[in-house]
Amino acid sequence: MTAQGPTDQARTYPAPDTFKARALVDAQTYEKMYAASVGDPDAFWGEHGKRLEWIKPYTKVKNVNFTFGEVSIKWFEDGTLNVAANCVDRHLATRAEQTAIIWEPDDPKTPARHITYRELHEQVCRMANVLKSQGVTKGDRVVIYLPMIPEAAFAMLACARIGAIHSIVFAGFSADALADRVNDSAAKVVITADEAPRGGRRTALKSNADAALLRCSDKVRCLVVKHTGGQTTWVQGRDVDVLEMMSHASPDCPPEEVGAEDPLFVLYTSGSTGKPKGVVHTSGGYLVYAAMTHELVFDYHPGDVFWCTADVGWVTGHSYIVYGPLANGATTVMFEGVPTWPDAGRFWEVCAKHKVNQFYTAPTAIRALMAFGTEPVEKHDLSSLRLLGSVGEPINPEAWNWYNTHVGKGNCPIVDTWWQTETGGHLITPLPGAIPAKPGSATRPFFGVKPVVLEAESGKLIEDTAAEGVLCIADSWPGQMRTVWGDHERFQETYFQQYKGYYFSGDGCRRDADGYYWITGRVDDVINVSGHRMGTAEVESALVAHDKVAEAAVVGYPHDVKGQGIYAYVTLMHGVEPTEELRKELEVWVRREIGPIAKPDLIQWAPGLPKTRSGKIMRRILRKIAENDAASLGDTSTLADPGVVDDLVENRMNKG
Ligand code: WTA
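Residues numbered from 1 in each chain as written. Predicted model: local features only at pLDDT ≥ 70, side-chain atom pairs only at ≥ 80, totals over all residues. Heavy atoms only, no water.

Identification of the protein as Acetyl-coenzyme A synthetase from Rhodobaculum claviforme is taken from an unreviewed UniProt entry. Its UniProt record gives the protein a comment under Sequence similarities (unreviewed entry), which states: "Belongs to the ATP-dependent AMP-binding enzyme family." Quoted straight from UniProt, the Cofactor (unreviewed entry) entry for the protein says "Mg(2+)". (UniProt positions renumbered as here; feature names shortened; annotations may be inferred.)

What follows is the structure, encoded as structure tokens:
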């Protein structure tokens, strides 16, 4: 640890010398490679694209236009490959008997599963043949609504194998959310399980799927993994016992040749307006980028055991449980459970049990575990750990220090990785052997990534190294999303309209005098609850769908564990009594409309909402009240009825 010069966050943490001695990228190499990557992207990515096995090698590398109205992003466009063959088949010659996936079940008493690359190959082929038997062909959409079980990875890779496009819906989403996604992508098949165990409890996943499918075309097939053996209703002719079918299916399934720019998956994510949008990632560029970031950011060496604690329902699970690690022939841990069950030592027990070398989690999990003290950490042997990672939101210095001291024992570099569903992989992150960490900073860009800081209002580029504004990216990288499913206009409007010529991330940031980036959070109406993205508009539309609600406005507020909590202002229909029962009813309602992650933490009854004379809700004011910062409300004189603010301030829920 060295104290460092004049910049504001004085302390930097270089990796320990023992780590640096075998690190894949050192400081000099980083600078050299970074300069090469932005200096000549065609040459740089032309070279690094070779980390994959191509059926037909590409001759073109980058073909990108960021001009609003003409946005088009293509990488390796004339190459063909198969993603599953890259993640599985090509490792068979050298590591067929190596474990590909370690599955750690929810209940620690249930034995873990070690799935070798050979076994993975067989399961993926069988599952692919089952999909084919259900009429799924290249380009078809398959919705995956599964718990964190190996079948989720088999299903992803089975889709990739036959060129079908998967769309994973997080198992915590409601039947309605599932139906919306099945319909938006016009999926042919839904793959689900009877039940999803988590933290000793079980979610009736299949019955959610049943409810969802009532709202979908009756042609949609439902493939059910009998995981717990729990009771489900069975719809003859629609429901298929997928494990049973896999046991009869052929263990051979030749991989389909797909274009580099053919979609690999769609993943729905929240934005500031409207319904979640289907982020489309394609095959070649995405896999190059996921694999390369996985290797270099986590300093992954052959034989290491890598654990990303995310769910495959989020992009982090896509890129860093399945695609990145498996493309690299890694051993990846897949964990079905939660950090606090049966006790708050579960993460560390699993690290010790499987001798995890790289551990990647979210600040919200760290904060939740900090509350249990250090005893659950000290109890377990964490000597296998070499590197720690963080993702999902800025990591606060307290959590960073706790992670560093108690989990890493001061010996593990921490990589704070900033990225998004849209970016496919890490964009700003330390390379651990090259870039000393500063707690709370995602540090510097990955290869090929050109972050810029713009003035929020004017969009003017800030050239000085020290800068604060909105974070945009000036040029494409191979892992970038290509479009919004079925709505290229929305893609352009969301990401390329406001700041012309740039990809707009939706985040604000500060760049310090050392050129380090500090993400300051979303500048749009997206909130980040326990590292999960939630559009305030989505929660609002769920609330107003209730027949007792006239109007609703939702904002984020600081929450000790979740990072941000959901604060809802609700105006009831005329004559409806605001009661505790109704508050509960609305909470349950939102859970059912979207899922448990969207449940408001605080609901305030609002006789009126602060609006401008033209009827626009002044969220700035609502945010201040929710943040318990009424003192800095600023000018309220432009409001149609300034009196409503006094009432809201007086009755605010967040008294803490
Ligand atoms: C936030 C998750 C600060 C950010 C991979 C971004 C972060 C949004 C970090 C994307 C980080 C993610 N530091 N903020 N290291 N990582 N974010 O799409 O606001 O679920 O825009 O992707 O999470 O969330 P998403």
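J.: So, the pairing of strand β24 (residues 467-473): which residues are in play, and what are the values?
T.: The element β24 is largely enclosed, with a buried count of six among its seven residues. With four bridges joining them, strand β23 (residues 451-454) and β24 adopt antiparallel strand pairing. The residue of β24 that forms the bridge with Val 453 is Leu 471. Relative to strand β26 (residues 503-511), β24 runs antiparallel, the two sharing six bridges. Residue pairing in the sheet places Gly 469 in a bridge with Cys 509 of β26. (Buried < 20%, exposed > 50% of the residue type's maximum accessible area, 1.4 Å probe, protein only. Helix = DSSP H or I, 4+ residues; strand = E, 2+ residues; numbered from the N terminus. Pairing = 2+ DSSP bridges.)

J.: Now, about the UniProt feature "binding site: CoA" (unreviewed entry) in the protein: what can you tell me, with residues and values included?
T.: Look at the UniProt record and you will see "binding site: CoA" (unreviewed entry) annotated at Arg 198, Gly 199, Gly 200, Arg 201, Thr 316, Ser 530 and Arg 591. Taken together, the annotated residues stretch across 394 residues and extend over separate regions, lying up to 24.0 Å apart by C-alpha. Along the polypeptide, Gly 199 turns up in the loop between β11 (196-198) and β12 (201-203). Setting aside residues no more than four positions away along its own chain, Gly 199 makes contact with Asp 106, Val 338 and Trp 341. Within the secondary structure, Ser 530 is located in the loop between β28 (526-529) and β29 (532-535). In this structure, Ser 530 is in contact with Thr 364, Lys 562 and Gln 564, ignoring residues within four places of it in sequence. (Contact = heavy atoms within 4.5 Å.)

J.: Break down unusual backbone geometry for me, with residues and values.
T.: Put simply, Trp 341 and Pro 342 share a cis peptide bond, and its omega is -5°. The residue Pro 342 is located in the loop between β19 (331-335) and α13 (346-354) in this model. Located in the positive-phi region is Ser 530, a residue other than glycine, with phi close to 50°. Ser 530 sits in the partly exposed class, given a relative accessible area of 22%.

J.: How would you sum up the confidence of the model for the protein? Please name residues and give values.
T.: Averaged over all residues, the pLDDT of the protein equals 95, while 98% of them reach at least 70. Long-range and interchain partners of residues 1-8, a stretch whose pLDDT sits below 50, account for 16 contacts in this model, where long-range means more than four residues apart. Note on the complex model: pTM 0.95, ipTM 1.00. (pLDDT = per-residue confidence, 0-100.)

J.: Give me the sheet that holds strand β27 (residues 517-522): which residues, what numbers.
T.: Ordered by their spatial adjacency, four strands build an open sheet running β23-β24-β26-β27, and the pairing between neighbours is antiparallel. Two strands in the sheet have a free side with no partner beyond their single neighbour: β23 and β27. The average angle at which neighbouring strand axes cross in this sheet is 45°, direction not considered. The pairing of β26 with β27 spans five bridges and is classified as antiparallel. In the sheet register, Cys 509 faces β27, and the bridge partner there is Ile 519. (Axes fitted to C-alpha atoms, helices over the stretch in contact; angles between N-to-C directions.)

J.: Describe the packing of aromatic side chains, with residues and values.
T.: Under the criterion given, the structure shown has 41 aromatic pairs. Ring centres 5.8 Å apart and planes at 55° place the aromatic pair Phe 44 and Phe 447 in the tilted group. You can see Phe 44 sitting in helix α3 (residues 41-48) and its partner Phe 447 sitting in the loop between β22 (414-417) and β23, a full 403 residues away along the chain. The class of Phe 44 is buried, set by a relative accessible area of 7%. Seen from their ring centres, Tyr 557 and Tyr 567 are 5.8 Å apart, and the 85° between their planes marks the pair as edge-to-face. You can see Tyr 557 sitting in strand β30 (residues 549-559) and its partner Tyr 567 sitting in strand β31 (residues 563-572), a full ten residues away along the chain. Exposure class is identical for Tyr 557 and Tyr 567. Each is buried. An aromatic cluster of three or more residues is present, and its members are Tyr 30, Tyr 34, Phe 44, Trp 45, Trp 54, Tyr 58, Trp 75, Phe 76, Tyr 289, Phe 446 and Phe 447. Sitting over the ring of Phe 173, Arg 181 keeps its end group 4.6 Å from the ring centre. Positioned over the ring face of Trp 234 is Lys 226, at 4.8 Å from the centre of the ring. (Phe/Tyr/Trp six-rings, centres within 6.5 Å; stacked < 30°, edge-to-face > 60°. Lys NZ or Arg CZ within 6 Å of the ring centre and 35° of its normal.)

J.: Hey, could you go over the packing of α3 against helix α11 (residues 284-297) for me, with residue numbers and the actual values?
T.: Relative to each other, α3 and α11 sit at 80°, their axes nearing to 11 Å. Compared by their axis directions, α3 and α11 come out roughly perpendicular. Each of Phe 44, Trp 45 and His 48 in α3 lies in contact with α11, whose residues at this interface are Val 288, Tyr 289 and Met 292. (Parallel < 35°, antiparallel > 145°, perpendicular 65-115°, else oblique.)

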